[in-house]
Amino acid sequence: MATKTIARRRTPVSPGENAQGPADLLENTLSQLEALLWASHGKDIDWCSGDGPRHLDNLLWLAAELAHKAGELFQLSEMARRGALETGG
C-alpha cells in the first residue's frame, strides 16, 4: 500500500507567503483530523510502527498549528485591548 503524500510545507512560512490552495488546506486538515480520530480510538495503538509514527507526526503538527493560531489570536486581542484603552473605550 502506498503512503499518503501530505501537502504541507516542511518549513514555516509567514502568513503572507502561504500560497496553499483550498485543496492543499483541505488535505492538511483531513490528515490532522484522521490522526486525531485515530488517536481517540485508543485501542491497541502502536505509536512506534505501522501508521503510528505518521499519525503521531500529524498530531504534533496539529498541536503546533493550534498553538501558533492561539498566539496570533492573543496578539490580535492585545492590539484590540490597547486600541480600546487608547481611545478610552
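It should be noted that the structure appears before, not after, this text.
Here goes a summary of the coordinates provided. For clarity, every value in this text was computed on a predicted model and none was experimentally measured.

Cut-off values and rules
Residues numbered from 1 in each chain as written. Predicted model: local features only at pLDDT ≥ 70, side-chain atom pairs only at ≥ 80, totals over all residues. Heavy atoms only, no water. Salt bridge = Lys/Arg side-chain N within 4 Å of Asp/Glu carboxyl O. Buried < 20%, exposed > 50% of the residue type's maximum accessible area, 1.4 Å probe, protein only. Helix = DSSP H or I, 4+ residues; strand = E, 2+ residues; numbered from the N terminus.

**Here we look at the pattern of salt bridges**
- One pass over the full model with this rule turns up four salt bridges.
- Between Arg54 and Asp51 there is a salt bridge, with its nearest N and O atoms 3.8 Å apart.
- Given the relative accessible area of 23%, Arg54 is considered partly exposed.
- Given a relative accessible area of 39%, Asp51 falls into the partly exposed group.
- With a shortest N-O distance of 4.0 Å, Arg82 and Glu78 are connected by a salt bridge. With Arg82 and Glu78 both in helix H2 (residues 52–87), this residue pair falls four residues apart, about one helical turn.
- Residue classification places Arg82 among the partly exposed positions, given a relative accessible area of 46%.
- Of the residues examined, Glu78 reaches a relative accessible area of 16% and is grouped as buried.

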